[in-house]
Amino acid sequence: MKTEGQKQSQKHEKRLAKKIGGSTNAASGAFWSRKGDVRSTDLLIEHKWTGKKTKTIKSDELKKITTEAILDGRMPVFGLHLDGVNYVILLEDDFLEMRENLDNHGRL
């Protein structure tokens, strides 16, 4: 039986997949061929959910999704639902590239 945290995490993964036009991965990416929790054509997302006010993010978690995404030709994203708010963590280079692309199209 799934815990409340697992149910909420799965719910948020499905919501995020729908928002980006992607899909969730079976077993949260545990299979060698489909890593990450959520994927689209250009993104690979590792998603963590907690109802608590704090969450420790370890460098190994960020390095893992970064390596998996790069090997899969996607941008790595670390998604986090923390105390009722959704966040994403990007590599600085990816963030700056996105910002530059927006700026080149006259939108900021």
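Before going into details, it helps to say that this report is about the structure given with it. (Residues numbered from 1 in each chain as written. Predicted model: local features only at pLDDT ≥ 70, side-chain atom pairs only at ≥ 80, totals over all residues. Heavy atoms only, no water.)

Another aspect to go through is the overall build of the protein chain. Helices and strands together make up the secondary structure of the protein chain, namely three helices and five strands. Along the protein chain, helices and strands appear, N-terminal first, in the series α-β-β-β-α-β-β-α. Scored against the burial criterion, the 108 residues of the protein chain give a buried share of 31%. (Helix = DSSP H or I, 4+ residues; strand = E, 2+ residues; numbered from the N terminus. Buried < 20%, exposed > 50% of the residue type's maximum accessible area, 1.4 Å probe, protein only.)

Formed by Leu16, Ala17, Val38, Leu43, Ile45, Met75 and Val77, the largest nonpolar core amounts to seven residues. Leaving out residues up to four positions away in the same chain, Val77 has contacts with Leu43, Leu44, Ile45, Glu46, Ile65, Val88, Ile89 and Leu90. (Core = buried A, V, L, I, M, F, W, Y, C linked by side-chain atoms within 4.5 Å. Contact = heavy atoms within 4.5 Å.)

What follows deals with a negative patch on the surface. Together, Glu92, Asp93, Glu97, Glu100 and Asp103 make up a region of like negative charge exposed at the surface. On the secondary structure map, Asp93 appears in helix α3 (residues 92–104). (Patch = residues over 30% accessible without salt bridge, like charges linked within 9 Å, V, L, I, M, F, W, Y side chains within 5 Å. Areas by Shrake-Rupley, 256 points an atom, 1.4 Å probe, with all protein chains shown as cover. Salt bridge = Lys/Arg side-chain N within 4 Å of Asp/Glu carboxyl O. Lys, Arg positive; Asp, Glu negative; His and termini not counted. Charge placed at Lys NZ, Arg CZ, Asp CG, Glu CD.)

Sheet architecture is open: five strands sit in the order β1-β2-β3-β4-β5, paired in mixed fashion. The outermost strands of the open sheet, each flanked by one partner alone, are β1 (23–24) and β5 (85–90). The sheet contact formed by β1 and strand β2 (residues 38–39) spans two bridges and is antiparallel. When the sheet's bridge partners are listed, Ser23 is paired in β2 with Arg39. Contacts from helix α2 (residues 59–71) reach β3 (43–50), β4 (75–82) and β5, with the element oriented near 140° to β4. (Pairing = 2+ DSSP bridges. Axes fitted to C-alpha atoms, helices over the stretch in contact; angles between N-to-C directions.)

What follows is about unusual backbone geometry. One non-glycine residue, Asp83, lies in positive phi territory at about 50°. Among the secondary structure elements, Asp83 is positioned in the loop between β4 and β5.

All right, on to the pattern of salt bridges then. Throughout the structure, instances matching the rule amount to six salt bridges. Put simply, Lys55 and Glu61 hold a salt bridge, and the shortest N to O gap is 3.5 Å. A salt bridge links Arg74 to Asp72; the nearest nitrogen and oxygen atoms lie 2.8 Å apart. By relative accessible area, which is 31% here, Asp72 ends up partly exposed. When salt bridges with common partners are traced through the structure, they connect Arg39, Asp72 and Arg74 into a single cluster.

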